[in-house]
Amino acid sequence: MIRNTLIFMAWVMASFAAEGQTPLSSEFTYQGELRSAGQPVNQTMDFEFELYDAAQGGTLVGSYLADDLPVNDGMFATPLDFGLGAFIGDHMWLEIHVRPGNSTGGYQQLLPRQIIQSSPYAIHAQFVGVDAVGQAELRDGSVSSAKVQAQAIGASQANLIEIQGRVTGTCPSNQYLTGINQDGSVNCAADQTGLTQVTGGDIVDGTVDTADLANFSITADKIQGGSINNSHINPSQIQNRINGTCPVGQYLQSVNQDGSVACASDQAGLTTVTSADIVDGTIQRADLTNAIINEDKLADGAVSANKIQASAVGSNQINSSQVQQRINGQCAPGHHLRTINQDGSLDCELLPVSQLNSVDVTDNIFVAVQSVLNSNGLPIIIYASYDMNGVPYLHLYQCHNANCTAGVQNMDQWLIGSLAGVGFSAAINPISNKLNVVYNENYTLKLLVCVTTDCTNHNVIDLNTDGSNPSLTHTSSGFPLISYYDFDNDDLRVFACFNSACTASNNYVVDSAGNTGNYSRIIWRAASNRALILYNADSNQILKVRDCTSTYCNTGNNRIVDNSTFIGNFQKGLALDPVTGRPVMIYQDLTNDVLKMAYCLDVVCASISTRDLVASGQAADLTFNQDNQPIITFLKQGDIDALHLIRCTEYRCNDFSSRVINDFPGARPTHSVIMNNEQKPLITFVSRDDDRIKNFMCADSVCSY
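This text gives an overview of the structure that appears in the document. In every chain, residue numbers begin from 1 and rise along the written sequence. Per-residue local features are limited, in this predicted model, to residues with pLDDT of at least 70; the limit for side-chain atom pairs, both in listing and counting, is 80 or more; totals at the level of whole chains, interfaces and linings are taken over all residues. Side-chain measures were taken over the full set of non-hydrogen atoms in the model, leaving aside hydrogen atoms and water.

Our focus in this paragraph is the overall build of the chain. Segments assigned H or I by DSSP are reported as helices when at least four residues long, segments assigned E as strands when at least two residues long, and all are numbered from the N terminus. Of regular secondary structure, the chain possesses zero helices and 43 strands. Considering the chain as a whole, with its 705 residues, one finds that 39% of them fall into the buried category. Here, residues are in contact when the closest pair of their heavy atoms is within 4.5 Å. For the chain, restricting intrachain contacts to residue pairs at least 6 apart in sequence, the fraction spanning at least 24 positions comes to 43%. Roughly 37600 Å² of accessible area belongs to the chain as shown, and the carbon and sulfur atoms make up 48% of that amount. Between buried and exposed lies partly exposed: a residue is buried under 20% and exposed over 50% of the maximum accessible area for its type, with that area taken using a 1.4 Å probe on protein chains only. Only the protein chains shown count as covering a residue, and every accessible area follows the Shrake-Rupley method with a 1.4 Å probe.

Strands qualify as paired when DSSP identifies two bridges or more between them. Taken in spatial order, the four strands make up an open sheet running 16-43-42-41, and their pairing is antiparallel. If you trace the sheet from one side to the other, it starts and ends with strand 16 (355–358) and strand 41 (667–675), each paired once. Geometrically, the sheet is characterised by an average inter-axis angle of 20° between neighbouring strands, direction not taken into account. Note that strand 16 and strand 43 (residues 693–697) share four bridges and pair antiparallel. Paired with L356 across the two strands is F696, which belongs to strand 43. To define axes, lines are fitted to C-alpha atoms, for helices over the stretch in contact only, and angles between the resulting N-to-C directions are given on a 0 to 180 degree scale.

This part is about the packing of aromatic side chains. Only Phe, Tyr and Trp rings take part, Trp by its six-membered ring, and two of them pair if their centres are within 6.5 Å. Stacked means planes under 30 degrees apart, edge-to-face means over 60, and tilted covers everything else. Considering all chains together, one arrives at nine aromatic pairs under this definition. Look at F28 and F87: their rings are 5.8 Å apart centre to centre, the planes differ by 70°, and that puts the pair in the edge-to-face class. With F28 in strand 2 (residues 28–33) and F87 in the loop between strand 7 (75–80) and strand 8 (92–100), this pair connects stretches of sequence that are 59 residues apart. Among the aromatic residues, ring-to-ring pairing joins Y30, F47, F49 and F76 into one connected group.

What follows concerns the state of the cysteines. In this description, the term disulfide denotes a pair of cysteine sulfurs within 2.5 Å. Scanning all chains against the criterion turns up nine disulfides. The disulfide partner of C171 is C188, and the gap between their sulfur atoms is 2.0 Å. Disulfide C171-C188: the torsion about the S-S bond is -90°, which places it as left-handed. With C171 in the loop between strand 9 (108–116) and strand 10 (175–180) and C188 in strand 11 (residues 186–190), the pair connects residues that are 17 residues apart, well separated along the chain. Sulfur-sulfur distance for the disulfide between C450 and C455 comes to 1.8 Å. Since a negative S-S torsion denotes a left-handed disulfide, the C450-C455 link at about -75° is left-handed. In this structure C450 comes out as buried when scored by relative accessible area, which is 4%.

See below:
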């Protein structure tokens, strides 16, 4: 049993703060002694304090918990806070409950309740003694109207200079009220009732004011000669006596109301007047000449239509929120006008129809193309062509709209090497949002790094590595990662850059089993921060995939995708299912003359399933639309290499439909399909009839028409 032998030693830490200091809180410190079985307690205890308005029973006013409070030789101290409204002048009692600090059981009440003495009442300034607060204790402006008791302000509290005292007293009979004094007393004068005629002697001097006079009662003969001076006139209507003259060399500019004159320099010989010569607001319509008057010089409404010179109002003179600016520009081909903006620019939108157009470039024979989207969501077309002398060049065309009907060619890079559809590869760096292109020049790999978005400023890095058929992606840090065919050793290799500028690098053998590594495609799997490579192996008898297990792909697992066929030497489609992250592949089965799909059953392609799509398909590409449906483009042999499109309903393409994009005379083997910023498939290809680069933009996300 714990016996309550508490000694009350509480106080409020209070001080009187000057204006601007932080007010005191309602907290005070409680000290006491706790004994158990007559012995001082020496351990940590949990305390529960409850404030009541009676020694027994009563109403609970507030409570406070103090857990794990140290008790040393029976003594303890703790802050308590029951709020500002707890102590308002009545007696209060403190009931205390305790339990050991390491206990989670119930509390034991200490009896009896402890009465709270007067010290805590110092924490609340409103409960001070009568007449304890004087003028010096009050802050300026601290007494609001709500703090003033009704009818508390009397004559002794009022400032009679500013506030009228209570009117008292009445005038005697035959007298009238002439005035009220500050203290409320009245002034009276004799009431001259019975007068039938009022003479000057009956009127107190200076007592007749305007209200006593009838309108127009003062005639000229009532005005004493010479008695009207400037104090009697309205100077806004009657000119004061003019006084003063202008000095020599100045002219009278105006006469002020008070009769003084305003003078200015005599500018004799002036043929024009500038704004500095004109008094603000004095110019009327007849005064306007030569458009030299600024806004400050014009009177309101002074400029009428006939004062405005023909063609003088341009875009700088109109309020474009009310007046339409001159309409300029026109919608690009394939776009329709939605609205006209305030500045006259047009808001155009793509027509909801499929569109086929040629890219406006001036080169000769085109042999390979690829499209990517820049950071603004607009297509960039990278293509290779031969000039009339048979010299190949690598070019870049920056589209200015989603269907690439307008744009600019802004790069010519000499390129010699394999151009059979796989001589280069392009990708946007995810960190810099700038284009990178890998290509082979004299069968040596080079990396083009764009410094600007339009690539007008770029650097070319010699990778000092022989190879062909490169494919480019980037790590999550923006470091280029290139798969390529090592034709000297018939191996698949990876060239890894250790920074975005590729000033540090290494290359690794990925697969050396037989004649391996031709026509590879590489993509980056952001979920695992690892790359995946699709490639031909064993002299094109096997299709393989490299599941990279390290950032630079120097370690990984090589897995067979399809070994039952001869794999075509054309481009293949490779993309990740946006929902599952599983790789999906499109390729040509030459043995069975069929276009196939292979889809991984997991993200590392440990298990792979294949299926036939269409007969005679080759040279495929693949992307996914916004509904996560595969969009596949391919050439169909035996159909004059017509360009076709497959739209799948789900990522395994168990249900699909197809359509022709460009039939006669067909397309070159290399082409590219991407989703543009309108979320419509954009297919870029080289037409066989004129060897021109063309774009086909679908009308919707599934290219249904």
